Amino acid sequence: MSLERRVMLLGWAARRDAVVIEDDYDSEFRFGGRPLDPLQRLDRDGRVIYVGSFSKVLLPSLRLGFLVAPASLQPALRAARQLSDLQGVVMLEEALARFLEDGLLTAHVRAVGRVYAERHADITQQIERQCGRWLRVLRSEAGLHIAAEVRPETRVDLAALRQDALACGLKVSTLADFSTRSSGRSGLVLGFGAIATPRIGEGVRQLATLLARHSRSRGRRRPR
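Residues numbered from 1 in each chain as written. Predicted model: local features only at pLDDT ≥ 70, side-chain atom pairs only at ≥ 80, totals over all residues. Heavy atoms only, no water.

*Asks:* Is there a simple way to explain a nonpolar patch on the surface in this structure?
*Replies:* Judged by side-chain polarity, Val89, Met91 and Leu92 come together as a nonpolar surface patch covering roughly 320 Å² of accessible area. Looking at the secondary structure, you find valine 89 in the loop between helix 3 (74-84) and helix 4 (90-101). (Patch = residues over 30% accessible without salt bridge, like charges linked within 9 Å, V, L, I, M, F, W, Y side chains within 5 Å. Areas by Shrake-Rupley, 256 points an atom, 1.4 Å probe, with all protein chains shown as cover. Salt bridge = Lys/Arg side-chain N within 4 Å of Asp/Glu carboxyl O. Helix = DSSP H or I, 4+ residues; strand = E, 2+ residues; numbered from the N terminus.)

*Asks:* What should I look at first to understand a negative patch on the surface in this one?
*Replies:* Taken together, the side chains of Glu93, Glu94, Glu101 and Asp102 present a region of like negative charge at the surface. Mapping glutamate 94 onto the fold places it in helix 4. Classification of glutamate 94 as exposed rests on a relative accessible area of 55%. (Lys, Arg positive; Asp, Glu negative; His and termini not counted. Charge placed at Lys NZ, Arg CZ, Asp CG, Glu CD. Buried < 20%, exposed > 50% of the residue type's maximum accessible area, 1.4 Å probe, protein only.)

*Asks:* Could you clarify how one ought to interpret the pattern of salt bridges in this entry?
*Replies:* Oppositely charged side chains are able to pair whenever their charged atoms sit close together. Summed over all chains, the structure comprises seven salt bridges. One salt bridge in this structure joins arginine 213 and aspartate 164, with 3.3 Å as the shortest N-O distance. A residue pair is termed long-range when its members are at least 10 positions apart, and arginine 213 in helix 7 (residues 200-213) and aspartate 164 in helix 6 (residues 158-167) qualify at 49 residues. Arginine 213 sits in the exposed class, given a relative accessible area of 52%. A network of salt bridges, in which partner residues are shared, links Arg30, Arg139 and Glu141.

*Asks:* Hey, could you run me through the sheet that holds strand 8 (residues 187-191) in this one?
*Replies:* The strands making up a sheet associate through hydrogen bonds between their backbones, and the pairing can be parallel or antiparallel. If you trace the four strands from one edge of the open sheet to the other, you get 4-5-8-7, paired in antiparallel fashion. If you trace the sheet from one side to the other, it starts and ends with strand 4 (135-137) and strand 7 (173-174), each paired once. Relative to strand 8, strand 7 runs antiparallel, the two sharing two bridges. Bridged to threonine 174 within strand 8 is leucine 188. (Pairing = 2+ DSSP bridges.)

*Asks:* Is there a simple way to explain the pairing of strand 8 in this structure?
*Replies:* A regular strand places its side chains on the two faces of the sheet in alternate fashion. With four of its five residues buried, strand 8 lies for the most part within the structure. By the bridge criterion, five bridges tie strand 5 (residues 145-150) to strand 8 in an arrangement that is antiparallel. Across the sheet, alanine 147 pairs through a bridge with valine 189, a residue of strand 8.

*Asks:* Any chance you could explain the confidence of the model for the protein here in plain terms?
*Replies:* When pLDDT drops low, the exact placement of atoms in the prediction is not to be read closely. On average, residues of the protein score 88 in pLDDT, and 93% of them reach the 70 mark or higher. Looking over the protein, one finds the lowest element-wise mean pLDDT in strand 9 (residues 215-217), namely 83, and the highest in strand 4, namely 95. (pLDDT = per-residue confidence, 0-100.)

*Asks:* What should I look at first to understand the nonpolar core in this one?
*Replies:* Across soluble globular proteins, nonpolar side chains show a tendency to be buried alongside one another. Ile127, Cys131 and Leu135 are the most contacted members of the largest nonpolar core, which has 35 residues in total. The set of elements that each furnish at least two residues to this core consists of helix 5 (104-130), strand 4, strand 5, helix 6, strand 8 and helix 7. Here isoleucine 127 is in contact with Gly132, Leu135, Val137, Ile146, Leu190 and Val204, once residues within four sequence places are set aside. Ranked by size, the runner-up nonpolar core spans six residues in total, among them Leu10, Ala18, Val20 and Leu39. (Core = buried A, V, L, I, M, F, W, Y, C linked by side-chain atoms within 4.5 Å. Contact = heavy atoms within 4.5 Å.)

*Asks:* I would appreciate a short explanation of the sheet that holds strand 2 (residues 48-53) in the present structure.
*Replies:* With respect to topology, three strands assemble into an open sheet ordered 1-2-3, the strand pairing being mixed. Both outer strands of the open sheet, strand 1 (20-23) and strand 3 (65-68), are each paired with one neighbouring strand and no more. The sheet shows a mean angle of 20 degrees between the axes of neighbouring strands, taken without regard to direction. Note: strand 2 against strand 3, four bridges, orientation antiparallel. Following the sheet pairing, serine 53 is matched in strand 3 by glycine 65. (Axes fitted to C-alpha atoms, helices over the stretch in contact; angles between N-to-C directions.)

What follows is the structure, encoded as structure tokens:
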């Protein structure tokens, strides 16, 4: 969100006496543009609860996260935590606390950030080069996924493509998977966090083959 919209959201929360939950789970991996300050940093009225996770920066199986809450809400949040989950895995929490205190998390994020930046650039270039006939990559500057929109002059049977992709060992999602209503936009969402950089080209080549199989130009009738 732009700075203007962030300020507007905080103003709305103040007028409605509301709390804003800011879920910021992958901002550590940003590949272009200025780093964005969290909404919580702009908050002067104690209305933002900032939620983060270590699953992306370390490993998903860790299942540890954190939140930064206004002082006025902390007693209620502690009570809710005790009611829902008396305590976490203390050994893991202590190890992670030591990891943070020693400054190792910062060094780790810096190192893996370079790897993910390389993968982000590689998969973007590969899709533009090999799949540009059917897909247009949507600009992205952060995260571990990219989205590519089906070009307006092309029709792609995404359901059939996804099924065949799974049979080939490729897992792809569609834009519709992330929307509760139809936007009229058709496309794919591709993750690159768990694939080694040298394998990206091979995967995109397979995707291009599937796109050629399941696409046709708009306005052209299928042969009977």
